Structure formats: structure tokens, C-alpha cells
Protein chains: 4
Amino acid sequence: GRVAIIGAGHVGSTTAYALMLRALFREIVLIDNDAGLARAEARDVSDANALARPAHVWAGDYPDAARADIVIITAGAATQGAQSRLSIATRSAEIVRQCVTRLMAEGFSGIMIIAANPVDLMTAVAIAASGLEPARVIGTGTLLDSLRLQHALAHRLGVAPNAVHAMVIGEHGDSAVAAFSNVRIGGLPLSRFQPDWSVADEAQIATDVRNGAYRIIEGKGYTSFGVATAIVRICEAVVRNEGAILPASTQLNGESGISGICLSLPCILGASGIVRILEPDLDEAEICALHASAAIVRKALASLTA
Amino acid sequence: GRVAIIGAGHVGSTTAYALMLRALFREIVLIDNDAGLARAEARDVSDANALARPAHVWAGDYPDAARADIVIITAGAATQGAQSRLSIATRSAEIVRQCVTRLMAEGFSGIMIIAANPVDLMTAVAIAASGLEPARVIGTGTLLDSLRLQHALAHRLGVAPNAVHAMVIGEHGDSAVAAFSNVRIGGLPLSRFQPDWSVADEAQIATDVRNGAYRIIEGKGYTSFGVATAIVRICEAVVRNEGAILPASTQLNGESGISGICLSLPCILGASGIVRILEPDLDEAEICALHASAAIVRKALASLTA
Amino acid sequence: GRVAIIGAGHVGSTTAYALMLRALFREIVLIDNDAGLARAEARDVSDANALARPAHVWAGDYPDAARADIVIITAGAATQGAQSRLSIATRSAEIVRQCVTRLMAEGFSGIMIIAANPVDLMTAVAIAASGLEPARVIGTGTLLDSLRLQHALAHRLGVAPNAVHAMVIGEHGDSAVAAFSNVRIGGLPLSRFQPDWSVADEAQIATDVRNGAYRIIEGKGYTSFGVATAIVRICEAVVRNEGAILPASTQLNGESGISGICLSLPCILGASGIVRILEPDLDEAEICALHASAAIVRKALASLTA
Amino acid sequence: GRVAIIGAGHVGSTTAYALMLRALFREIVLIDNDAGLARAEARDVSDANALARPAHVWAGDYPDAARADIVIITAGAATQGAQSRLSIATRSAEIVRQCVTRLMAEGFSGIMIIAANPVDLMTAVAIAASGLEPARVIGTGTLLDSLRLQHALAHRLGVAPNAVHAMVIGEHGDSAVAAFSNVRIGGLPLSRFQPDWSVADEAQIATDVRNGAYRIIEGKGYTSFGVATAIVRICEAVVRNEGAILPASTQLNGESGISGICLSLPCILGASGIVRILEPDLDEAEICALHASAAIVRKALASLTA
């Protein structure tokens, strides 16, 4: 199969490298307005052929992307320091709209993964601009936040990340909701796994996770490896028609009482994209927080499309 | 690291092959009373070097095994057709005792994985015969049953196996308990994931899983790939000090109200073996069934050691 | 993609297991005249889902196989002990012809891999019975012998198998030719890598490799892991359109002066099967031996089709 | 096992990410003078836990590195644009000497991989500063150049990179020697694989490969994925005691007629580092070019240590 990555910056090129090492595609196309950058990254990533089953990586253009099974959009305006993801929305929306329009003009009919921020808005923009069935447009949403929550809990409790069921839902941003009532460690609720577990522990971990991206940006200026990991995980679920259940930003139509925006809830992912949206079993505070998160995204989307 | 496999029959040799493909060890020793068999299997398995990072596989002896990080005991009396696992206990116990005694005489101090059946009894036998700290002796127990339960639920519900949290606990045998009250699909209880889910569905899936091994034996005369998979999974958790949470047969000291026997409960597995035994949150019927399962194993162990 | 394996014996089921662990296909179909065996193996292999990206394995029939990208034919008459591969040719040819005919009747148009022995004859039989373009029918040929030669040289010289370039060509059988003049160790000829290397060393290694299968059969009654490894390697080269260069049994049309039979020479393998047959640079003795090998296969093929 | 990476810039952090995805180590320590950068990269890389067997990644210090099996030194002065690697030697040498001295002061006794440029000089500096047995200090040397040569030939000839035997030797820099007389495609010399192959083809490919790094730097400002790939390949060979044969920069003592400097020749790599240095079979022009390359490095080393 073929994947195309639009935007050859840190996220796009790191995603290409990780996809090479995972041998998930036979062909990887990198597209960037800066064609020299795309060529340099394609050349640098190609050297990973030495570690994996061979794949062909090249700097291409929209006609190449149109024939891909999956197109990943990482292009967008970058956040600067602790700048809010919403503040860069308008500029990003223009870029995403332009990419999607050019892609559709070439006849694309595959699955689209949106990693541009603010991702919940950009997923909505991509659905509108593409005219694709909404299930075929998958925003990375709170998947990365969820991986970080799992990792933070696993580290604290001394277990493997994959022994932790934990999800962050809602906006991929400051209003994200870590659904602690749903957390299970090897099948046990937190309070049963660790009897002295307290609400204060949850608050601290939630803060750590929420600030995760900001701290990384503070230290290195941007994030790359985590986002690339989340994108690769979605690609795997789609390419192999896994039926994996992962949080993803998707257009809601009444799920958990929310409509008209894109937001992350747990989704079943397969070859056709988002196969089903699940409604998690939340406590009252989490429901409140989820609706507050939805309100923030709704307002931002309204100003964006105003 | 080095792994040694005692018993080069279908389970032992298939485990060696899977360990090669997973590149988990640099050295794999096969030991069997039939030295010609061990040599033939080592030679056949060696050819997998062509697909993976190279490892050295050879037919060795107890001094080789004593220097291994992990020793896997697959030797034992084989079940014939639908014969009960308990009925072969006495013969298997002699074999396991002999293997363990020879191994300890060479100064072994690693982790022992017991895959010989009836596995709950053989794990107890191995702990007694070795004098090792009980946490360092891991029975494969209901891990394979649990993988089958996950797979059966995943297949029925159209999701990926790793989106299903489900465990079988208790005896690895006819009295095993599928803990449906604990099942989560992407974090949701069965009744919430699939509103028309019924007790009858659970009964049918439990029967399918319980009969799984018998059907395989009926069709091919023995089982190999599933058991090998379970053993490899335990090896990974130990070698990489994962903190994975998997059901395993281990000596219980009051956990879930059971003592004095080996039985499967969810365990945290790491470099030192069984790091912690978890007590799952069961409904009343499951507790009853678990204690009934424990009683069966206790009685069998008593006759074995009488 | 989908793979179908016809023949669910040791080779077929082990191949299915290895393909699962390598995550090469999303769907694996097992077909056997003994439907109970195919169901048992499919069930046993399915448990490997716990270690790899999920794949769907089932016992199916020819209509399922017809829609596969690759069909692997392992069905055939089994060699008994040190029995010559040619002696079982007539019985195997009937079986292969029947399988191929049923498959083509369902409209198969993918790639066929032949692992049934005597493989050079069975590849010819499959080409004739299928009417497929000969390049789409790949016999495992001397690939396994070549992996064993590489491994034997690597073991003797203390280097990694993939640092050894070495190929066995000709008949997959007693007349196979280990092309020592072509061997390179990290690019060096044997005599330069190891100055005291002698013709006697080559003779001994050639004998070891030639007797490899017989010794394995002597010890365990059949071979499985090595053959499965060779089949998986061919699958990878095809599925990923690698352009790998591997010895394979293929219909020769004058290459190295041989025509009208299937025999192993190094081939470039890609999505369309055998992309190109290479003519190795041999010394005089090797050319003689290769033509002698061809003569044996030609005679056997003539009696088979008489 | 544990690996430590000194220098958390693009190369160091990308190496950490690739090592995570390859599951080669259980513990990865990142060290940088900019502790905030090291913490940010460790956090970002940690998220890869979601795709692989879990590993622990953290920002640490020299005492953590001293207990590692392998220490990778990526710290050094960066090349700017098309600046010669030699021109940054003095500044890099100070940095490498300081890192090595601090590491040895903590009692390090593992394997050292040098990726800082100019790598042939830095390998010599690290050997001198560490007092380690020279075989335990491995410079990445022309490994990356060789991967690029293999890839360029593979791409041109339509075969898989691992079907191409090709090595660049000598200085990792402008005087590197692509040893075309040694190239084999599936065992065949270039002129036999492709009868119309010409010296002009070789010249063009050699130029492409030599300029590879400059073009990448021109496009993206630095190289990362290719170097990381080369480092990971060396780590694999050491950790798994492979006996792989790879070009690496190592202290020569008369091999190919060169002494007193570090330069790349094909080496057998295993658990103890460089097990043996091979002397490739070169044509006269290649021998000349290799000695010219050695002279350049010797002169630069002399000015560095003057």
C-alpha cells in the first residue's frame, strides 16, 4: 500500500521514519510547499531501508497522494511556546483547506488522518472541505494524551503501559478530560489496585499529562516522536483492518449528547476508518467536563467558520 | 540472554521457533531425553535465522540450561484425546521433578516457566522440587484460555483482540472460570458495548473456550502454536521487565481467599518473575466457581503428594 | 492481503504460524482434505493473535483461496525417512494437479508458491496445470538449502548468516550444487577471508547441507520450521515487491544453458513473481554439476509426464 | 540492557526513538548539557512505548551512563551547510574528550559508539581519552555512506537493497572510496548483472552518494534519520553478538597497509566490539584512493593533536 504525508516538518518526517521501521507501507510520499525540504527528508528517511523490509520513499505531489490508501495531513501553523492551540486556528484552517482541496481535485478516495492543530477544528475543516464520508476522516485528537495518561499511570504504579486502560477524551487541548472513573489496571479500578489512591493523585497526573506537550515544546521547541507514534498507531489500525479501539477526533452526531463538532471519544478503527463511536461510561464530573470541552470547541469552530 | 527449553516435542520446538522469530534471546538450548530429536529440532529451528536477527540454537544438556536466564519446562506426559489433564498428573509429576532436580543440581538460579500439564499441579511440584522462591516459578495456567476468550469475544464483537480485556482464572482445566463480570471492550462492560448481550452468549463463549484445546487435539492430535504463543508472551514480560499483567499459575497465600495450591490469578510479571498477585473483582457466582476450581486442584494435589 | 495455504500438515500450519508472527497478511486461509485438521490448525494458529497485529485465520475452501494474493501449495506425498524425493513424484503430481485445477476453476490469478516435493517437478506440474504465466509460479527449490549453506558457513567462520553470500542451485535434491566459487564473506572470497580454507572444508560443508533434511527427518520424522521460513521469505519478497534476489525453482528457457525444466537459479522476486532469472558466474566443475543436476530433473520429468 | 546517548540533539533523540521502536534495550538514558532539552526529548520519545515492548527512557547523567552496555556519543560541533567535516574538528575534539573523560571517571567498561564528526578523528580521540581497548570503540565511519551506496545501486538496478553488496571505505568525508570492484548484485559483479554498466555510471553514483549528506543538510539543515539508522544497526550487531560485517571506523594497525589512524574498513562486529578488521580485495585505483584518504585523515589528526 501507499501512504502520503502532507507536511514534511518534524512531525511529517518523523512519521515517515517510524512507518519505515514498522514496514507498514511499500510506498511513502512526502509533500511540502518547500520541495527542497521534502526531498531532503525523503532522502534521509530512505536510509532506514537498511533496518527494515524495503520501502520506496520520495518527495512527490498531489497526484501521487491521490492514489494513496491513507493521506496524513501534518501541515498547519505551528504553536509557539505555550501559545494556545486555538489561537493558530485560522491560519491552520486555510492551509488544511487548501491541502484537502488540492487532494480531492486529484480524485482521492482513501482515508484521511488529520494531525494539524487545533486538531478538532482541523478535522471538521477537512471533512467539510473534502466532502468525504465523515468516518473516513480521523483526527489524532486525544490519542497522544491517552498514551501519555497510560504511560504516566503505568510509571507511577509499576506496571506495563499496555496493562493500563485509560483514555483522555474531549478536546485535544486545555479542556481535555482524563476519564479516571474508567481507568482499569489489569482489569481493576484504581482504588482497588492501589487502596491508598486518592483524588489528589488523579489531579496531579491529569496536570502532568495536560502539560506534557507544553513541557516538551519548552524543552525542544516542538513535539515530534509522540505525535508520530499516535499517527502510526492509527495507520496500523486502518491498514490491517484491526478493529482497534482508540480515542480519535471524529464528527459527533449525538454521541454522549454532543453534536455538530469533531471531538475525541473512543472509536473502533478499521479499513473504512471510524467504524463506530463508543459512548464511555463516565461519572457526573466527567460528563460535565466533557460538555464544557465540547462548548469550547463549538465556540471556536463557530468563530472559525464565521 | 539465554533460554533453555526442556522437552523438544511439538510445544518445545514450536516455542523455540517463535522465540527465534521474535529475536528475544541470543541463545536457545533444546534438551530432550531423545537427544536425536533435540538435535533435529535445533537444526530445523536454526533455519529461522534467515528471517530474524541471528540466534544460536543447539541441542544441549542440563549444564547449559543452568546458565540460562529462563528455563521452560514443556516435558511431561501427553494428554490423549479428550483425556482429563488431571489423569496424567502422576506420570508428569515424576518427569517434572526429575527435570527440576537435575537443573537445580547444576546451580540454576533464573526464572522457571512451567508448561507441562496439569499445569497447576506441575507448578506446585516444580516449586517444591526446586526450592526456588515461588515467585520465580511461573505456570502458563489460564493464559492461553484467556487469549482464547479475548479472541472469541473480539471475533464475535468485531473488534481487535487487544481491545478486549478478558481473563480466565482458576484451574487450567475443566473448572476454569471465565470472569465475564470483568470483561471490558474498549473500557465498556459487555452489556453497555452490546445492549442485547445475554447470559446465554456468555455461556456459549465460555463453552467454546473451555472446549478449545479438546477440539484442537481432536483435529490434530495435540496443541502447539497456542501454547507456544503463551510461553513467548511470558518470556517477553520477564526478559524485558515489562510489568505486564497476565493470568499465570502461581502459589497462592490467601489471595482471593485461596492458599496452599497453585492456581491462576492475574499477576504482574517482571524480571524477578511474579511481582504481585492481583485479586480480581468478581461477582458472587464467579467467586463460587473460583473456589470450586481451587477445591478440585487442592484434592488433586493432595492425591499427587500422598 | 490474503494468503491461502493448501495442505494443513506440519509445513502448512507452521507457515501459517510464522506468517502470523510476521504480520504479513490480514487473512490466512488453511485448506486440507481433512477439514477437521484444517479447522484445528486454524484455531491453534489463531492464538498467535496475542503476539502480533491481528489477522483472521480460518479453515476455508477453494473459492476462498481463489481470491488470495498468494496461494502456497504444501500438499503432496510425504517423503519417508531417507527416501528419495523423486520416488514420490507420481503421487505428489496427482495431488498438486488436482489442487491447481480446482484453484484455477475458481478463477485464481495471483502468485503461486510450490513447496510440495519433489519441488522442481511439482513446479513444472503446477505451471502446466494452471496455465499461469510461468513467472507467477515460484518453487521453493534450493532456497532452504541456500539458507542452510549460509548458516553452516556463518557458524564455521564466526560471522552472521547475513554476512555470508552463498547459494545452492540446481535440483532441490541429491544433485544440488553448492556454488562455492561464488561465496563471499563480507565481500571476500573464502580463500581470502580464511587463508587456510580448503576444498576439503567445502566438501564437508556441502555434505552437511545436503544431508541436512535427511538428518532432521531421521530425528523428528519430517521437516517444518526451515521450509516454513523459506516460504515466508518468498512471501515477503512478493508482498512487498522487494526485488529480493533468492534462489527459486522456475521454468528455464536457456538460462545457464538449460531449457524445458524447472530448476533453481538466483531470481529477482517482486510483486509479479519472478522478475528476472540471473545466470551465476560458476567455475567449470560447478557448470558440469549444474548440467548433471538438470539432466536428472529432465529425466524424472519425462517419466512423470510419460 | 541499557544504552546511554550523550547528546540529545536531532541525531541523539532520533536514535533513541529508533531504538525504542526496535525494542533493543530496556533502558535508554539521554544526556545533554542542556538538561531541559534532554528531559523534553526523553518525554517525547517515551510516548513510543505505545508501539513497542515497553522501555524506560529518561534524562540522566554520567553515573547512569557508566552502567550502560553501550554509550553512543553524538555530541560534537555541528557542520554548517557545506562546511567540511574536518573544519569543525578542534571544537568537536574538546567536547568528545570531555564526555569520554567524565564517562570513564564513573567507571565505564562497555562499548562506545562514536557518531560525532569528523568521525574518524573523533574515534581516535575517544580511544586515546578513554584508555579503552581500541576494539571497544566503534566509529560510525562510512556505514551510512555504504547504506546510501547500496540504496543508490538497488534503486538504479531495480533490486532490494539487501541484494546489493557494496561498501564505502576510508574517510567518512570527501575522500571516501566507493569500492565498486567489490560490488555484487545477488552475487554477480556489476558488469555481469548489467552488461552495459559503465565507469560513467559508477562515477555518477559515487558523486550522488558523496554529496548525499550535503544535499540533506541543504534541504533540512542537518541529517538525522540516516545516521540514527546506522547507529541502531551497530547497536544490534553488538547487543546480539551477531558477527555482522559492516564498515566501521576503527584503529588500524597495518590493515590494508594503513597504521596509526582510525578509518573505515569492513569489520566483524560482536559483543566485544570490533572482533576482526577485514582487508577488502581492491583494484589498483581503489588502493590508491584509500591511501590518499588515509593521508588526509593522518594529516588532520596530526594538526588536531599538535
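Rules used in this analysis
- Residues numbered from 1 in each chain as written.
- Chains lettered and ligands numbered in written order.
- Predicted model: local features only at pLDDT ≥ 70, side-chain atom pairs only at ≥ 80, totals over all residues.
- Heavy atoms only, no water.
- Least-squares fit on C-alpha atoms with pLDDT ≥ 70 in both.
- Contact = heavy atoms within 4.5 Å.
- Axes fitted to C-alpha atoms, helices over the stretch in contact; angles between N-to-C directions.
- Helix = DSSP H or I, 4+ residues; strand = E, 2+ residues; numbered from the N terminus.
- Parallel < 35°, antiparallel > 145°, perpendicular 65-115°, else oblique.
- Left-handed = near helix turned anticlockwise from the far one by under 90°.
- Expected span 1.5 Å × (residues − 1).
- Buried < 20%, exposed > 50% of the residue type's maximum accessible area, 1.4 Å probe, protein only.
- Buried area = accessible area lost by both parts, 1.4 Å probe.
- Salt bridge = Lys/Arg side-chain N within 4 Å of Asp/Glu carboxyl O.
- Polar contact = N/O pair within 3.5 Å; in protein donor to acceptor, adjacent residues only side chain to side chain.
- Pairing = 2+ DSSP bridges.
- Arc of directions from axis to C-beta.
- Nonpolar A, V, L, I, M, F, W, Y, C, P; charged D, E, K, R; others polar.
- Core = buried A, V, L, I, M, F, W, Y, C linked by side-chain atoms within 4.5 Å.

**Re the relation of the copies chain A and chain C**
Here is step 1: Each copy superposes on the other: chain A lies on chain C with an RMSD of 0.0 Å after a rotation of 180 degrees and an axial shift of 0.0 Å. With respect to symmetry, the two chain copies, as superposed, fit the operation of a two-fold axis.
Here is step 2: Most of the interface of chain A is mirrored in chain C, where 100% of its interface residues are also at the interface.

**Side note on the packing of helix α9 (residues 225-239) of chain B against helix α1 (residues 10-22) of chain C**
Here is step 1: Interhelical geometry of α9 of chain B versus α1 of chain C gives an angle of 30 degrees and a closest axis separation of 11 Å. If you check the angle between α9 of chain B and α1 of chain C, you find them roughly parallel. Both α9 of chain B and α1 of chain C take part in a crossing whose hand is right-handed. Facing F225, A228 and T229 of chain B of α9 of chain B, the residues of α1 of chain C in contact are S13, T14 and Y17 of chain C.

**Section: helix α6 (residues 143-157) of chain D**
Residue and element names in this part refer to chain D.
Here is step 1: End to end, α6 covers 21 Å across 15 residues, agreeing with the expected 21 Å (1.5 Å per residue, within 8%).
Here is step 2: For α6, the buried fraction is high: 11 of the 15 residues fall into the buried class.
Here is step 3: Turning to α6, its buried residues number three or more, namely L143, L144, D145, S146, L147, R148, L149, Q150, L153, A154 and L157.
Here is step 4: Backbone geometry just after α6 places G158 at a positive phi near 75 degrees.

**What about the interface of chain D and chain A?**
Here is step 1: The partner chain A presents 47 residues to the 47 residues of chain D that form the contact.
Here is step 2: Summing both sides of the interface, chain D and chain A together bury roughly 3,700 Å²; the carbon and sulfur share of this comes to 63%.
Here is step 3: Scanning the region where chain D abuts chain A turns up 6 salt bridges.
Here is step 4: Here R148 of chain D makes a salt bridge to D47 of chain A, at a shortest N to O gap of 3.0 Å.
Here is step 5: Our count for the contact surface shared by chain D and chain A stands at 18 residue pairs in polar contact (both at pLDDT 80 or more).
Here is step 6: For the side of chain D that touches chain A, the elements supplying multiple residues, two or more each, are α1 (10-22), α2 (35-46), α6, α8 (199-220) and α9 (225-239) of chain D.
Here is step 7: Here the element with the most residues in the side of chain D that touches chain A is α2 of chain D; it accounts for 8 residues.

**Digging into the sheet that holds strand β11 (residues 188-189) of chain A**
Residue and element names in this part refer to chain A.
Here is step 1: With respect to topology, 3 strands assemble into an open sheet ordered β7-β10-β11, the strand pairing being antiparallel. Either end of the sheet is taken by a strand with one partner, and the two such strands are β7 (164-165) and β11.
Here is step 2: Pairing of strand β10 (residues 184-185) with β11, which is carried by 2 bridges, proceeds in the antiparallel orientation. Pairing of I185 across the sheet is with L188, part of β11.

**Structural notes on helix α10 (residues 284-305) of chain C**
Residues and elements named next belong to chain C.
Here is step 1: Its 22 residues place the ends of α10 32 Å apart at the C-alpha level, agreeing with the 32 Å of an ideal helix rising 1.5 Å per residue.
Here is step 2: Among the residues of α10, E286, L290, S293, A294, V297, A300, L301 and L304 are the ones counted as buried. All buried residues of α10 fall inside an arc of 130 degrees around its axis, so they share one side. Facing away from the buried side of α10, by more than 90 degrees, are the exposed residues E284, A285, C288, K299 and S303.
Here is step 3: Elements in contact with the buried residues of α10: α4 (89-105), α5 (119-130), β8 (168-169), β9 (177-178) and β12 (259-270).
Here is step 4: You can read the cap of α10 off the contacts: a side-chain oxygen lies 3.2 Å from the backbone nitrogen of A285, and it is on D283.

**Things to note about the interface of chain A and chain C**
Here is step 1: The partner chain C presents 16 residues to the 16 residues of chain A that form the contact.
Here is step 2: Taking both sides of the interface into account, the surface hidden between chain A and chain C amounts to around 1,200 Å²; carbon and sulfur atoms contribute 37%.
Here is step 3: It is R26, R53 and R240 of chain A that lose the most area in chain A upon contact with chain C, and together they represent 61% of the buried surface on that side.
Here is step 4: Here chain A and chain C share 0 salt bridges between them.
Here is step 5: Linking chain A with chain C are 8 residue pairs in polar contact (both at pLDDT 80 or more), by the criterion used here.
Here is step 6: The class makeup of the residues in the side of chain A that touches chain C is 8 nonpolar, 1 polar and 7 charged.

**Observations concerning the nonpolar core**
Here is step 1: Formed by 192 residues in total, the largest nonpolar core has its most connected members in L19 and M112 of chain A together with L19 and M112 of chain D.
Here is step 2: Every residue in contact with L19 of chain A, bar those within four places of it in the chain, is listed here: V3, I5, L24, F25, I28, I72, V232 and C235 of chain A.
Here is step 3: Listed in part, the 188 residues of the second largest apolar core include I31 of chain B together with A42, L143 and C235 of chain C.

Honestly, that's just the spatial picture; any functional story needs more than this.
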